[in-house]
Amino acid sequence: MCPSNLRDTLFFEILEHMKKFIILVFSVVICSCNSKKQQTVAIVDGIPITMQQIDALINEQLFHMLEGIYLIRKQALDEYIDQRVIAEEAKRRNVTVDKLLEREVMPLLTDSLIEKTIIELRGYVPDRIDPKRVYDCNTAFGREYLRQSLLLDLKSKYAQKLRENHKIKIFLNPPDKFRPKISLKELDLHYKGDNKSKVTFIFIGNYECDGCLQAKPIFDYIISKYGNKIKYGFCFYDVHPTMSSMAVEASAIQGKYWEMHEKIFSHHNKTDTTTVIEYAKELGLNVNKFQHDLNSNDLKDRINRNINVMNKSKITTIPTIVINGYVFNAPFNQWDIENFIIKLLND
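Residues numbered from 1 in each chain as written. Predicted model: local features only at pLDDT ≥ 70, side-chain atom pairs only at ≥ 80, totals over all residues. Heavy atoms only, no water.

S.K.: Quick question: what am I supposed to make of the sheet that holds strand 8 (residues 320–323) here?
M.R.: Across a sheet, strands are paired by hydrogen bonds formed along the backbone, either parallel or antiparallel in direction. Taken in spatial order, the 5 strands line up as 5-7-6-8-9 in an open sheet, and their pairing is mixed. Each of the sheet's edge strands pairs with one partner strand only, and the pair in question is strand 5 (192–193) and strand 9 (326–329). Sheet analysis places strand 5 next to strand 7 (residues 231–236), joined by 2 bridges and oriented antiparallel. Counterpart to Lys 192 in the pairing with strand 7 is Tyr 232. In the packing of helix 7 (residues 210–226) onto the sheet, the strands contacted are strand 6 (200–205) and strand 7, and the crossing angle to strand 6 comes to about 165°. (Pairing = 2+ DSSP bridges. Helix = DSSP H or I, 4+ residues; strand = E, 2+ residues; numbered from the N terminus. Contact = heavy atoms within 4.5 Å. Axes fitted to C-alpha atoms, helices over the stretch in contact; angles between N-to-C directions.)

S.K.: Would you mind going over the side chain of Thr 50 with me for this structure?
M.R.: As for its position among the elements, Thr 50 is in strand 2 (residues 47–50). Beyond its immediate stretch of four places on either side in the chain, Thr 50 contacts Gln 38, Gln 39, Thr 40 and Val 41.

S.K.: Help me understand helix 5 (residues 111–120) in this model?
M.R.: For an α-helix, 3.6 residues make a turn, and residues three or four places apart therefore share a direction. Residues of helix 5 that are buried: Ile 114, Thr 117 and Ile 118. With its buried residues spanning 105° around the axis, helix 5 presents them on a single face. Exposed side of helix 5, more than 90 degrees from the buried face: Ser 112, Lys 116, Ile 119 and Glu 120 are the residues found there. Looking at the packing, one finds that the buried side of helix 5 touches helix 6 (140–163). Immediately downstream of helix 5, the backbone of Arg 122 shows phi near 55°, a positive value. (Buried < 20%, exposed > 50% of the residue type's maximum accessible area, 1.4 Å probe, protein only. Arc of directions from axis to C-beta.)

S.K.: Explain the packing of helix 7 against helix 13 (residues 334–346) to me, please; I cannot follow it from the model alone.
M.R.: To characterise two packed helices, one gives the angle between the axes of the helices and the distance between these axes. Interaxial distance between helix 7 and helix 13 falls to 10 Å at its minimum, and their mutual angle equals 30°. Handedness of the helix 7/helix 13 crossing: right-handed. Side by side, helix 7 and helix 13 meet where Ile 218, Tyr 221, Ile 222, Lys 225 and Tyr 226 of the first sit next to Gln 334, Ile 337, Glu 338, Ile 341, Ile 342 and Leu 345 of the second. Residue composition of the contact of helix 7 with helix 13, by class: 8 nonpolar, 1 polar and 2 charged. (Left-handed = near helix turned anticlockwise from the far one by under 90°. Nonpolar A, V, L, I, M, F, W, Y, C, P; charged D, E, K, R; others polar.)

S.K.: Sorry, what's going on with the pairing of strand 1 (residues 40–44) here?
M.R.: Looking along a regular strand, one sees the side chains alternate between the two faces of the sheet. Relative to strand 2, strand 1 runs antiparallel, the two sharing 4 bridges. Opposite Ala 42, over in strand 2, you have Ile 49 as the bridge partner. Between strand 1 and strand 2, which pair antiparallel one after the other, the connecting turn spans 2 residues, and Asp 45 there sits at a positive phi close to 50°.

S.K.: I would appreciate a short explanation of the environment of Asn 308 in the present structure.
M.R.: As for its position among the elements, Asn 308 is in helix 12 (residues 297–312). Judged by relative accessible area, Asn 308 falls into the partly exposed class, the value being 43%.

S.K.: Sorry, what's going on with the pattern of salt bridges here?
M.R.: Under the criterion given, the structure shown has 21 salt bridges. When the shortest N-O distance is used, the salt bridge between Arg 163 and Asp 78 registers 3.6 Å. Taken together, the residues Arg 163 in helix 6 and Asp 78 in helix 3 (residues 59–93) connect sequence positions 85 residues apart. Arg 163 gets classed as buried once you look at its relative accessible area, which sits at 13%. Here Asp 220 and Lys 216 are joined by a salt bridge, their closest N and O atoms 2.9 Å apart. Note that Asp 220 and Lys 216 are positioned in helix 7 at a spacing of 4 residues, about one turn of the helix. Among the residues examined, Asp 220 registers a relative accessible area of 31% and is labelled partly exposed. One connected set of salt bridges, linked through shared partners, spans Lys 74, Asp 78, Asp 82 and Arg 163. (Salt bridge = Lys/Arg side-chain N within 4 Å of Asp/Glu carboxyl O.)

S.K.: I would appreciate a short explanation of the packing of aromatic side chains in the present structure.
M.R.: Any pair of aromatic rings gets described here by the distance separating the centres and the angle formed by the planes. Per the counting criterion, the structure on display carries 15 aromatic pairs. A centroid spacing of 5.2 Å and a plane angle of 80° characterise the contact between Tyr 257 and Trp 258, whose relative ring orientation is edge-to-face. Cluster of aromatic residues (ring-pair linked, three or more members): Phe 201, Phe 203, Tyr 207, Phe 219, Tyr 232, Phe 234, Tyr 257, Trp 258 and Phe 265. The ring of Trp 335 has Lys 74 lying over it, and the distance from NZ or CZ to the ring centre is 5.6 Å. Looking at Lys 231, its charged tip hangs above the ring of Tyr 191, at a distance of 4.3 Å from the centre. (Phe/Tyr/Trp six-rings, centres within 6.5 Å; stacked < 30°, edge-to-face > 60°. Lys NZ or Arg CZ within 6 Å of the ring centre and 35° of its normal.)

S.K.: Is there a simple way to think about unusual backbone geometry in this case?
M.R.: Glycine aside, the phi torsion of most residues is negative, and most peptide linkages are trans. Ile 318 connects to Pro 319 through a cis peptide bond whose omega is 0°. Structurally, Pro 319 can be placed in the loop between helix 12 and strand 8. With omega at 0°, the peptide bond leading from Ala 330 into Pro 331 counts as cis. Tracing the sequence through the fold places Pro 331 in the loop between strand 9 and helix 13.

S.K.: Explanation requested: the packing of helix 3 against helix 4 (residues 97–104) in the structure shown.
M.R.: Between helix 3 and helix 4, whose axes approach to 9 Å, the crossing angle comes to 95°. Taken together, helix 3 and helix 4 sit at an angle that is classed as roughly perpendicular. Here Ile 86, Ala 87, Glu 89, Ala 90 and Arg 93 of helix 3 come into contact with helix 4, specifically with Val 97, Leu 100, Leu 101 and Glu 104. When grouped by side-chain class, the residues that make up the contact of helix 3 with helix 4 number 6 nonpolar, no polar and 3 charged. (Parallel < 35°, antiparallel > 145°, perpendicular 65-115°, else oblique.)

Written out as structure tokens, the structure reads:
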């Protein structure tokens with residue numbers, strides 16, 4: 001299958017999914033979301049029950065359905081814009097789109113990139129439409145699907161560069177009005193940034209989670225751009241404290257929480273006792289104290305208290321981002337998160 005055919009196939013699959021979501025949700029939520037009038041849906045002993053009351057009970061479910069529509073639209077919009085800017089670039093160079101992609105994108109699809117990605121994905125490539133479905137990269141179909149998927153990603157990155165030469169305004173926004181909100185005031189975290197900021201950004205995850213590692217660049221981007229304007233922190237979440245979480249907390253006692261945090265993230269899944277002690281040496285910590293604190297019941301209790309707070313707040317998956325109590329579940333959209341922060345800062 002050639003790149004343009006696969007691109008068009010995925011594009012129309014996305015559109016088809018978007019239609020199904022819109023048909024499913026439209027009759028359920030649109031009227032109640034947009035109408036200020038109290039719509040009565042039942043009367044019990046003379047007391048009316050309104051659509052708004054029902055929506056309040058299922059706010060989280062409504063949000064996820066509306067977010068599903070938004071994400072599908074966003075994917076389709078991005079694909080459409082990418083096609084437009086690539087077509088314009090091809091026209092400017094007086095070549096066909098396929099010829100342009102052959103020159104600018106195809107050379108980036110190397111065997112080494114494919115092999116590296118197979119290792120990162122542990123041999124299984126997720127379906128671009130339904131991530132729960134995966135394909136074995138050891139099969140001819142799985143390897144070809146990975147190849148075409150990488151090609152689409154490379155094309156998208158190329159299109160992102162081309163977008164810089166165009167004036168593009170996007171008015172499609174996520175359904176933040178219905179975004180779930182929780183309270184995490186009881187969390188005991190090592191915050192950085194502006195402690196007086198009206199924006200608090202919390203990344204919830206752990207050091208062994210592949211998804212957390214993949215999402216960390218978004219956290220790093222937000223901190224690099226807004227770190228002096230917001231209050232931010234990382235919250236470890238698992239069923240119990242781990243060696244990595246204890247190592248980070250033990251380092252915090254000596255003022256090196258964030259340094260150990262970065263060290264462990266950069267050496268993903270390498271957190272046995274011997275290794276973290278080596279990290280402590282590299283960070284210039286008092287190793288004897290560090291080893292003692294690794295077994296501290298006080299530190300274990302602190303981590304467990306945070307875990308309990310998140311359990312009570314019904315945090316069930318990682319990675320999760322919480323901004324002023326508003327919950328963002330993975331997969332994250334950097335553009336949405338950044339715009340949400342900008343709005344809060346400007347309010």
